Amino acid sequence: MPFGNTHNKLKMNYSSEQEYPDLSKHNNHMAKVLTPEMYANLREKETPSGFTLDDVIQTGVDNPGHPFIMTVGCVAGDEETYEVFQELLDPIIEDRHGGYKPSDKHKTDLNPDNLQGGDDLDPNYVLSSRVRTGRSVRGFCLPPHCSRGERRAIETMSIESLDSLDGDLQGKYYALKNMTDDEQQQLIDDHFLFDKPVSPLLLASGMGRDWPDGRGIWHNDNKTFLVWVNEEDHLRVISMQKGGNMKEVFHRFCTGLTKIESLFKDKGHEFMWNEHLGYVLTCPSNLGTGLRAGVHVKLPNLSKHEKFGEVLKRLRLQKRGTGGVDTAAVGGVFDISNADRLGFSEVELVQMVVDGVKTLVDMEKRLEAGQSFDDIMPDQK
Amino acid sequence: MPFGNTHNNFKLNFKVEEEYPDLTKHNNHMAKVLTKDMYAKLRDKQTSSGFTLDDIIQTGVDNPGHPFIMTVGCVAGDEESYELFKDLLDPIISDRHSGYKPTDKHKTDLNFENLKGGDDLDPNYVLSSRVRTGRSIKGYTLPPHNSRGERRMVEKLSVEALASLDGEFKGKYYPLKAMTDAEQEQLIADHFLFDKPVSPLLLGAGMARDWPDARGIWHNDNKSFLVWVNEEDHLRVISMEQGGNMKEVFRRFCVGLTKIEEIFKKHNHGFMWNEHLGYVLTCPSNLGTGLRGGVHVKLPKLSTHAKFNEILGRLRLQKRGTGGVDTASVGGVFDISNADRLGSSEVDQVQMVVDGVKLMVEMEKKLEKGEAIDGMIPAQK
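Procedures and definitions
- Residues numbered from 1 in each chain as written.
- Chains lettered and ligands numbered in written order.
- Predicted model: local features only at pLDDT ≥ 70, side-chain atom pairs only at ≥ 80, totals over all residues.
- Heavy atoms only, no water.
- UniProt positions renumbered as here; feature names shortened; annotations may be inferred.
- Phe/Tyr/Trp six-rings, centres within 6.5 Å; stacked < 30°, edge-to-face > 60°.
- Helix = DSSP H or I, 4+ residues; strand = E, 2+ residues; numbered from the N terminus.
- Buried < 20%, exposed > 50% of the residue type's maximum accessible area, 1.4 Å probe, protein only.
- Contact = heavy atoms within 4.5 Å.
- Buried area = accessible area lost by both parts, 1.4 Å probe.
- Salt bridge = Lys/Arg side-chain N within 4 Å of Asp/Glu carboxyl O.
- Polar contact = N/O pair within 3.5 Å; in protein donor to acceptor, adjacent residues only side chain to side chain.
- Nonpolar A, V, L, I, M, F, W, Y, C, P; charged D, E, K, R; others polar.
- pLDDT = per-residue confidence, 0-100.
- Domains from an automatic or database assignment.

- Chain B carries the name creatine kinase in an unreviewed UniProt entry, which gives Osmerus mordax as its organism.

- Chain A goes by creatine kinase in an unreviewed UniProt entry, where it is assigned to Osmerus mordax.
- In UniProt, chain A has this text filed under Catalytic activity (unreviewed entry): "creatine + ATP = N-phosphocreatine + ADP + H(+)".
- Turning to chain A, the UniProt record has this under Sequence similarities (unreviewed entry): "Belongs to the ATP:guanido phosphotransferase family."

Structure (C-alpha cells):
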C-alpha cells in the first residue's frame, strides 16, 4: 500500500522498465500521457509530505477506464503534487480542460451581483437548481494521503467555522460515526447523506481509509446549504432549492462560501488557491472553480432531437440523468450543467447555465408548438 | 495511501491521541491488542523497506469485523514486520494460535513418509482431498507492499522454477493478463482460476494494486498440482485429487514443494522461514505451516448430531461449506480441515485430518445404523 520515501528508494533498485506500469489496455488521461521516459524522469521525486508518482497514478493503473468514458486516472495528495509532478499533470490538465496552458491564468469571481438574470427560469420546465464546489484547506494533505490526525483536524476546523454561521445559514453538523438511526433516515430522505465510496476509482486512491472517522455532513435548518466534510475533498459546498431561481441559489452559494472562507482565515487557515489553477482539489478534473451548477429540466422533445448534442456542446453544457453522472434520464428530465471548470470564473460558468437553459427551454417550447428553432440556434461559446 | 518515511515523520507532528484509530466498534485481533500506549510506542518505527505501523493495521481499521468471526485485522509487508512490530504481533499470534509464546519453536516436517495411513479413507464418503500452503520468497516485500518491479521479479523467478519441473510435475503457466478466452473457460471449469480480490479485508491491505500485472496460475498436465503466483502470498501451492487418498495428495504436495524450494535455493532465493514462526506469510493466521489439509466429506447424520462441534474441537478440526470459508454445506457435504497452523508440523496436521476424518466416517456409519457414538467421542488432542 505505501509508496513512501524509504520504499520508494527500494524501488529505485529496479530499473524504470521493470517498474513502469502496463498501460496497454488503458484508456484514461494518465495512460495517454505517461510515457516510459516521463516515468523515468519523475519516479524518484516526492512532495515534502512524501507523495510520489506511483501514489499519483495508482488509481489510473488499477482502473483502466472505459471505452466511452475518459476518466482522469490520477489524483493529488497535497498542494505540491501539482508542482512537483507538473510534467505529468500539465498535459492532463490541458487535455481535460479545453487546451488550458501552463501559462494561463484562472479568474475567480464569487460576486453574485455579477450574474445577469437567472431568477426567471420557467418553473414549468426547471424543477430544481443546484451549485456545488469543493475546497481544500492549505497546509493539510488531501484525502488520498491524509492521516487520521490531519483528517480529524480538518473536521474540527470545519465544525468550528460552520457553527459560527447564522441567519439563514444557521445549521448543524452530523458526524458519520455518531449518527442516530433517525438522523440517518432523515438525511437519506433529504438526499443529503453520502456513503462510503464504492467506486473503485476512489477506493484505489486511498480515499476510503479509516471510514467513517472524521467524516460528516453539515446543513442549515432550511436545508438549502449543505457541506460535506472529508468525502472526496476536504469540503464540498452545495447550495440548492426547488424551482428555477438560480440567482438565489448562486447568491446563497457565494455568500456562504465567502463567510466560511473568512471564518477559516480568522483562525489562520486559508483555502488552497493559486492564480494558475484556481482552487486546488484532489481530482485534476475539479481544478479552477471546482464548480458544477445545474438544473433538473424537462426537455422531452428537445432531448430526442438530432441536434440536441450539438446544441449542448455549443452552449458548453453537459447532460446527465437525474440520478447523477452516468445515469439515464427519466421522463425526459435531464440534469444540465456547465461542462467547464478551469479557465472561466464562477460567474461566467453559472451565466452559461442560466443563459443556456433559457435557450433550451425556448427550444423545447418551439418543438411543442411544432415550430423549428433554427433561428435561435446558438453559436459556439 | 502512502505512509512511508517522510510522511510518517510528518504524522509525528500530530499527537498520539490525534492519530490513534477509533477502534470502539471493532472486533478483530488487532483491535483487541492495540492500546493507545502501544500505538505511541510503535508509531515512529518502520522496517527497512518502509512498512509502518499504520500500514500493518490499516486493513483492521477499515474492516471492523463481525460479531461472530474474529478476523486478524493486520498484515505483514515484509519479513521484518514480524520482528520490528512484535509488541503488536506476538500477542495477536498468541491469541490466534492457541497460546503460542514468543519463545516457542515451530517444527517443519515435509517428509511424507512420516504420515501413517491416509490412503484408505472411504471414497463413498470422502469425495475429494486437498492440501494447500503458501510461500514467500526471501528478499522481496509481500503483496500488501511490493512494487510492480518486485512483483514481476517474483513472477519471473516462479515461472522459471516451475518450468524446470518434470515427470508428474510437468506443466504450464497462465499469466492472468495474457489469458485467452478458451484458457480462462477451462481454468474456471477446473476450479483453478482466481479472481481479483473483492474482499474488503484484502483490498484494504493494498493487495490488489496493479491487478492483473504479474499474477498467474500454473498447473501440471494432470491437474493435480497447482500454484498461484502473486495472489494473497507470493506463492500458493495446492495438491488435490478426487477421492480419499490423502496420503498420495500429501506425497505429491511434499515432493513438489521441496523440488520448487530447491530450484529457488539454487538461484539464491530461499523461502522466508525461521525457527520461531516457521514459514512467514502475509497474514499472521497463516504462519507456521501455512497448511490447510482438508477433504470434502459426506456427514449428513453426524453434522446434525448435538456433539458435532464438540467432536471437531477435540479433533482440532474445522468445518466449512464446500464453497469455501463462510459458505453453508450442501447436501450434508462438509469441508473438514485442520484448525491449527503454527506449533505443529505439516505431518502432524495432516495426520490429524487423516485420523479425525477416519473416525468421523466411522461415526457416520454408526449413526446410519441407528447406533450410538457416545463411546467413540475422542479425548481433546
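Section: the packing of aromatic side chains
The description of two aromatic rings rests on the distance between their centres and on the angle between their planes.
Residue and element names in this part refer to chain B.
Part 1 of the reasoning: Within the structure shown, the criterion is met by 15 aromatic pairs over all chains.
Part 2 of the reasoning: With 6.0 Å between their ring centres and 80° between their planes, Phe-194 and Trp-211 make a pair best called edge-to-face. Of this pair, Phe-194 sits in the loop between α9 (181-189) and α10 (200-203) while Trp-211 is found in the loop between α10 and β3 (216-220), placing the two residues 17 residues apart along the sequence. Pair check on accessibility: Phe-194 and Trp-211 agree, each one buried.
Part 3 of the reasoning: Measuring from ring centre to ring centre gives 6.3 Å for Trp-218 and Phe-225, while their planes differ by 80°; the resulting arrangement is edge-to-face. Neither residue differs from the other here; Trp-218 and Phe-225 are each classed as buried.

A closer look at the interface of chain A and chain B
Part 1 of the reasoning: With 50 residues of chain A in contact, the opposing surface of chain B contributes 50 residues.
Part 2 of the reasoning: Here chain A packs against chain B, burying approximately 3,700 Å² in sum over the two surfaces, 49% of which is carbon and sulfur.
Part 3 of the reasoning: Summed over the shared surface of chain A and chain B, the result is four salt bridges.
Part 4 of the reasoning: Between Asp-54 of chain B and Arg-148 of chain A there is a salt bridge; the shortest N-O distance is 2.6 Å.
Part 5 of the reasoning: Across the contact surface, chain A and chain B share 23 residue pairs in polar contact (both at pLDDT 80 or more).
Part 6 of the reasoning: For the side of chain A that touches chain B, the elements supplying multiple residues, two or more each, are α1 (5-11), α2 (16-19), α5 (53-62) and α8 (148-163) of chain A.
Part 7 of the reasoning: No other element matches the six residues that α5 of chain A contributes to the side of chain A that touches chain B.
Part 8 of the reasoning: For the side of chain A that touches chain B, the residue count by class is 19 nonpolar, 14 polar and 17 charged.

Quick look at the confidence of the model for chain B
All names here are of chain B.
Part 1 of the reasoning: Summary statistics for chain B give a mean pLDDT of 92 and a share of 96% for residues scoring 70 or more.
Part 2 of the reasoning: Scored below 50 in pLDDT, residues 1-6 makes 42 contacts in the model with residues more than four places away or belonging to other chains.
Part 3 of the reasoning: Predicted as a complex, the structure gets a pTM of 0.91 and an ipTM equal to 0.88.

Focus on the domain arrangement of chain B
Residue and element names in this part refer to chain B.
Part 1 of the reasoning: According to the domain assignment, chain B consists of domain 1 (5-97) and domain 2 (112-369).
Part 2 of the reasoning: Put simply, the middle of domain 1 and the middle of domain 2, counted by C-alpha atoms, are 28 Å apart.
Part 3 of the reasoning: Every contact between the two is made by 21 residues of domain 1 and, on the other side, 24 residues of domain 2.
Part 4 of the reasoning: Roughly 1,800 Å² is buried in total at the junction of domain 1 and domain 2, and carbon and sulfur atoms are behind 64% of that figure.
Part 5 of the reasoning: Interface area lost by domain 1 to domain 2 is led by Glu-79, Tyr-82 and His-97, which between them contribute 35%.
Part 6 of the reasoning: At the boundary of domain 1 and domain 2, one finds one salt bridge.
Part 7 of the reasoning: For Lys-138, the salt bridge goes to Glu-79, with nearest N and O atoms at 3.2 Å.
Part 8 of the reasoning: For the pair domain 1 and domain 2, the number of links is eight residue pairs in polar contact (both at pLDDT 80 or more).

Notes on the environment of Leu-360 of chain A
Residues and elements named next belong to chain A.
Part 1 of the reasoning: Looking at where Leu-360 falls in the secondary structure, it is placed in helix α13 (residues 346-368).
Part 2 of the reasoning: On the basis of relative accessible area, Leu-360 is assigned to the buried category, the value being 0%.
Part 3 of the reasoning: Distance in space between the C-alpha atoms of Leu-360 and Lys-298 is 9.8 Å, their sequence separation being 62 residues.
Part 4 of the reasoning: Those residues in contact with Leu-360, other than ones at most four positions away along the chain, are Leu-299, Leu-302, Val-311, Leu-312, Leu-315, Leu-317 and Ile-336.

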